Amino acid sequence: MAAFITVSKRPILGLPFLLPSCDSVSLELRRSQSSYRRTKQRLRVKPDASFGLSSDKTQDHIIYNPPSSSPSVYHTPTKFLPSDDIRRSLRTDTTADHLNTEGLPSVLKSPLGKKYHLGPSDITEIRKLRLGDPITWSRSKLAKRFDCSPTFVAMVCEAGPQKKEIQKQVLEAVQSRWGAKRRMAREDRKLRKETWGRDE
Amino acid sequence: MPLRGIRTVTTARNGVGAFILPCKRLDFHYCDWAGSSRGMLAFLKHALPKFATENPQIEIRVSPRPHKHPIITGHYINGREKSICVRNLEPEQIFVKANLLKEASGEKLKRTKKPVTSINESVRGIWSPYHGGLKSV
Amino acid sequence: MKRLQLQRWSSSALSSRARTGGRLQRHLYSSNRFQSTNPTPLQSEADQSFAEEPSIPSTTTPSPKFTKYQLPSPPIQAARESAKLAALHARLYLPSRLPLETLARCLVDPSADSNSQFNNVPLAVLGHDLLTHYTSEHLICTYPRLPLTVIFAAMFAYAGPKTLMAMAREWGLEHAAAPGGEVDPGFLQFKRVAPGTDTNAEPLIGTTRPNEDQKTWRKSITSSVVYDNEFGDPDMAGVPSSESSESAIQTQYTEGVTVEQASASFVRALMGAIYLHAGRPAAKRFFEQHILSRHLEIANLFSFNQPARDLSRLCARENYEPPVAKIISETGRKSRHPVFVVGIFSGQDKLGESVGASLAEARTRAAVAALKGWYLYSPLNVRVPSSMEEKGAAPWKPVYVDLGEVIV
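Here the residue numbering is sequential within each chain, running from 1 through the sequence in written order. As they are written, the chains are lettered A onward and the ligands numbered 1 onward, keeping that order. This being a predicted model, a pLDDT of at least 70 is required before a residue's local features are given, and a value of 80 or more before pairs of side-chain atoms are given or counted; all residues contribute to the totals for chains, interfaces and linings.

A. Looking closely at the overall build of chain B. Numbered from the N terminus, helices here are DSSP runs of H or I no shorter than four residues, and strands are runs of E no shorter than two. Counting its secondary structure elements, chain B contains two helices and five strands. Going from the N terminus to the C terminus, chain B shows its helices and strands as β-β-α-β-β-β-α. The reference for a compact globule is 2.2 Å times residues^0.38; the radius of gyration itself is calculated from the C-alpha atoms. A globule of 137 residues ought to have a C-alpha radius of gyration of about 14 Å, yet chain B, at 24 Å, is considerably larger. Counting only C-alpha atoms and orienting by the principal axes, one finds that chain B spans roughly 85 × 40 × 25 Å. In this description, any two residues whose backbone-derived C-beta atoms lie within 7 Å of each other are considered to be in contact. Put simply, 74% of the contacts in chain B that link residues at least 6 apart link residues at least 24 apart.

B. Structural detail: the overall build of chain A. Looking only at helices and strands, one finds nine helices and zero strands in chain A. Seen in sequence order, chain A has helices and strands lined up from the N terminus as α-α-α-α-α-α-α-α-α. Buried, partly exposed and exposed are defined by the number of other C-beta atoms within 10 Å of a residue's own C-beta, namely 20 or more, between the two limits, and 12 or fewer respectively, with C-beta atoms placed from the backbone. Taken over 200 residues, chain A has a buried fraction of 6%. Put simply, 35% of the contacts in chain A that link residues at least 6 apart link residues at least 24 apart.

C. Summary view of the environment of H337 of chain C. All names here are of chain C. Among the structural elements, H337 can be located in the loop between β2 (324-331) and β3 (339-346). Judged by the 7 C-beta atoms lying within 10 Å of it, H337 is exposed. The spatial distance from the C-alpha of H337 to the C-alpha of A357 is 6.9 Å, given a sequence separation of 20 residues.

D. Representation of the interface of chain B and chain C in the model. With 27 residues of chain B in contact, the opposing surface of chain C contributes 41 residues. Broken down by element, the residue count for the side of chain B that touches chain C peaks at three residues, all from strand β1 (residues 3-5) of chain B. Looking at the side of chain B that touches chain C, its residues break down into 16 nonpolar, six polar and five charged. Two strands make a pair as long as DSSP finds a minimum of two bridges between them. Summarising the sheet, β1 of chain B and strand β1 (residues 302-304) of chain C pair through three bridges and their orientation is antiparallel. Residue pairing across strands places L3 of chain B opposite F304 of chain C, the latter belonging to β1 of chain C. In this count, Pro and Cys sit with the nonpolar residues alongside Ala, Val, Leu, Ile, Met, Phe, Trp and Tyr, while Asp, Glu, Lys and Arg are called charged and the others, Gly among them, polar.

E. Fine view of the nonpolar core. Nonpolar cores are built from buried Ala, Val, Leu, Ile, Met, Phe, Trp, Tyr and Cys residues. These are joined into a set through C-beta atoms within 7 Å. Within the largest apolar cluster, 106 residues are counted, with the highest numbers of intra-cluster contacts made by A154, M155, F266, M271 and A370 of chain C. Note that the domain bounds were set by an automatic or database domain assignment. Among the domains, domain 2 (91-212 + 227-299) and domain 3 (303-375) of chain C are the pair contributing at least three residues each to this core.

F. Summary view of the sheet that holds β3 of chain C. All names here are of chain C. Read across the open sheet, the three strands follow the order β2-β3-β4; overall the sheet is antiparallel. Two strands bound the open sheet, and with one partner strand each, they are β2 and β4 (349-356). In this sheet, neighbouring strand axes are inclined to one another by 20° on average, regardless of whether the strands run parallel or antiparallel. As defined by bridge partners, β2 adjoins β3 across seven bridges and the pair is classed as antiparallel. Residue pairing for β3: S329 is matched across the bridge by V341. Here an angle of 0 to 180 degrees is reported between the N-to-C directions of two axes, which are lines fitted to C-alpha atoms, with helices fitted over the stretch in contact. The strands that helix α15 (residues 359-375) touches are β2, β3 and β4; relative to β4, the one it contacts most, it runs at about 135°.

G. Structural view of the UniProt feature "domain: Ribosomal protein/NADH dehydrogenase" (unreviewed entry) in chain B. UniProt positions are given in the numbering used here, feature names are shortened, and annotations may be inferred rather than shown by experiment. Using the residue numbers shown here, the UniProt feature "domain: Ribosomal protein/NADH dehydrogenase" (unreviewed entry) corresponds to residues 32-105 of chain B. For residues 32-105 of chain B, the helix share is 41%, the strand share is 23%, and the end-to-end C-alpha distance is 31 Å.

H. Region of the structure containing helix α5 (residues 83-91) of chain C. Buried within α5 of chain C are the following residues: L85, A87, L88, H89 and R91 of chain C. Summarising the contacts, the buried residues of α5 of chain C are in contact with β2 (23-30) and β3 (59-64) of chain B together with α6 (100-106) of chain C. Remark: Y93 of chain C follows α5 of chain C within two positions and exhibits a positive phi of approximately 55°.

I. Quick peek at unusual backbone geometry. Positive phi, normally seen in glycine, also occurs at D199 of chain A, with a value near 60°. Counting through the fold element by element, D199 of chain A comes out in the segment after α9 (180-198).

J. How the structure looks around the packing of helix α9 (residues 161-170) of chain C against helix α12 (residues 259-278) of chain C. All names here are of chain C. Relative orientation of the contacting elements α9 and α12 amounts to 80°, with a least axis distance of 8 Å. One way to sum up the angle between α9 and α12 is to call them roughly perpendicular. Of the residues in α12, those in contact with P161, K162, L164, M165, M167 and A168 of α9 are V259, E260, Q261, S263, A264, F266, V267 and R268. Looking at the contact of α9 with α12 residue by residue, the classes come out as nine nonpolar, two polar and three charged. Here roughly perpendicular refers to angles of 65 to 115 degrees, roughly parallel to angles under 35, roughly antiparallel to angles over 145, and oblique to all remaining angles.

K. Structural context of the sheet that holds β2 of chain B. Residue and element names in this part refer to chain B. Here four strands make up an open sheet; going across it, the order is β3-β2-β4-β5 and the pairing mixed. Bordering the open sheet on either side are β3 and β5 (81-85), each of which pairs with just one other strand. Adjacent strand axes in the sheet meet at a mean angle of 15° when their direction is disregarded. Both β2 and β3 contribute to a ladder of six bridges, which runs parallel. Bridge pairing in β3 links H29 to S63.

L. Fine view of the packing of helix α7 (residues 121-142) of chain C against helix α13 (residues 280-292) of chain C. Residue and element names in this part refer to chain C. At a closest axis distance of 11 Å, the pairing of α7 and α13 adopts a crossing angle of 70°. The angle between α7 and α13 places the two elements in the roughly perpendicular class. Crossing hand, α7 versus α13: right-handed. Residues L130, L131, Y134, T135 and H138 of α7 form the contact with α13, whose participating residues are A283, K284, F287, I291 and L292. Classifying every residue of the contact of α7 with α13 by side-chain character gives seven nonpolar, two polar and one charged. Crossing handedness is defined as follows: a turn of the near helix away from the far one that is anticlockwise and smaller than a right angle gives a left-handed crossing, while the clockwise case is right-handed.

M. Fine view of the pairing of β5 of chain B. Residues and elements named next belong to chain B. As paired elements, strand β4 (residues 71-76) and β5 share five bridges and run antiparallel to each other. The residue bridging I72 from the neighbouring strand is I84, located in β5. Between β4 and β5, which pair antiparallel one after the other, the connecting turn spans four residues, and G79 there sits at a positive phi close to 95°.

N. Region of interest: the confidence of the model for chain A. Residue and element names in this part refer to chain A. pLDDT measures how confident the predictor is about each residue, on a scale from 0 to 100. Summarising the model, chain A shows a mean pLDDT of 78, and 70% of its residues fall at 70 or more. When pLDDT is averaged over each element of chain A, α9 comes out on top at 95 and helix α1 (residues 2-7) at the bottom at 39. pLDDT under 50 marks residues 1-16. Its contacts with residues more than four places away, or in other chains, come to 14 contacts. Predicted confidence for residues 18-26 stays below pLDDT 50, and this span has eight contacts to residues more than four positions away or in other chains.

O. α9 of chain A, seen in detail. Under the 1.5 Å per step criterion, the end-to-end length of α9 of chain A is 27 Å for 19 residues, consistent within 8% with the ideal 27 Å. Just beyond α9 of chain A, the residue with positive phi is D199 of chain A, at close to 60°. A helix's residues, less one, multiplied by 1.5 Å, set its expected span.

P. Focus on the pairing of β4 of chain B. Two elements, β2 of chain B and β4 of chain B, share six bridges in a ladder whose sense is antiparallel. Its bridge partner being in β4 of chain B, H29 of chain B is matched across the sheet by I71 of chain B.

In structure tokens, the structure reads:
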């Protein structure tokens, strides 16, 4: 990019989008660029640096220009290749991702980490509490008390039949108040979620 | 069930493995009386045996069609058919018409706008603005 | 009376006890096709009606006026005269060693002619085994990590009845309106299902699976390897044959079959016929040219339910670092059309990435991409075991065998 800017006959301020930061001064200087010639001239971009000759210019080299498209699923990640596969050694250095994986933000808000801090005695207590008084000891309350996730509570024990019945009635009562629009929107959302797993 | 398989059917690619000629049958109709069939009669007598031996994969039927113009009808594997009227044509011209029907795919004629039509995925994938040389701002 | 005697004689020759006979019997079958009795009730009625008529001299050839309409399927002599059959033979580039008579026999469905000496059942059994054998070895050697459900789906896509019907249609095969001896042998001969028949209401009785009447019992995928057929469907044919089951098969054939079943049995029978007449290399070439050359996107056969959970189980099994979803890039987070690009990382390595309109969607899709990356691994220079059957094949190197799919 830098080479292009030095070669270009136009003043840099006329091409504000090439600058790393568009300040207000350059924006004011920009004028309407609508002619065919100017557009073609703008598109006359120099090829990527990797396409040119290497610095020492003595030997042939491989041009590595990854496609600007989402990766194909048929391209097995290097980690998934068996240890005796030849592609594992071929890919080592050149195709390493330039992403700084440490700096990327996580999708989940809380850092995911399994603690495995509950023992068999805790689990029996969870079961006892949930079966004994299911109204007070809901899943979220149990999760908060034992410092685990509600999913874990659901994995460990099941609610009693009465609690299940109550919960079913509550759900029915809520759903009976839905109109056609909301019901349809909910169903659509469920269908859309199923397409995620099919990758459509 | 954590993972299910989706049932589909494979797509045919005629010519990738074996090539099946789309034309499966040619019907030749003639009239013994009418003058417009003169070329057709000559074609049936002299050129058709050679044409049939050269194209064994086409079923050939010859039948009279009295008091009508001679026609050739091609039947194709997609279920369509194409007919050409060959009245007053010379045997050589009829041969050209029969060849035309033999080489047709049976589809409706349509204008091809793209140089390549393919069901294969492109090598470099579909361009996406979120991939490739991302510039951090 | 002579006619009745002949019937008794030929039926004894056709009975199952007398089927061990060799050349003589075969000669009788091939030359005196019209003399065979037919076990279908319709045919026996016709026989009785003929028996009441003034007797035909049985030693000479009966007049074709009677025989042609009497036969359930076209006679063998008609195969040489059919232009349609010869055109089909040439269109498929069948080897010249495969005679037209066998091709005509491939076109006779058991619903048209229930005599297995003349219909395509024996050839179809062999052809079906060959087709599924070649398909399965190709799939398992090319994609050794495919889960079983996907293998079943891919088998169905390559060699299932729907595909075989599509193939028969693309070969330009035409169907006879009703089977009979007077029909051109180039048509597919089968008895159609009566209109209004419910094809889906199939009684699942007589399968190989034990306790099949227990509808609520769970059917595991692993058990379908043992009990079900190549496509993961209940296997009806594996029942050891007895008198009752044979009569059941008879009633099934007399009821008629769908176009799909008849076309599929024709393609299978053709495969078996090529194997018998032209040998193994020709059969393999036929398979590669007509079945394997068809296009199938294997990546579209997967349908995951909880991909994130599967992926974390996979990483735990393979001793990788636990997978973490990270945002690679995003745009328009608070807008109406946000786009998130999420990658799944295990340590420093990226396992998969995908795009979604919400963080949850992008994360799920990225997990799907990572799992597909695992399952769709394909080794280089794949060879199938049947390639060793050729003469002068290179020494066999063991193929990659995977641990199996992720079990949650």
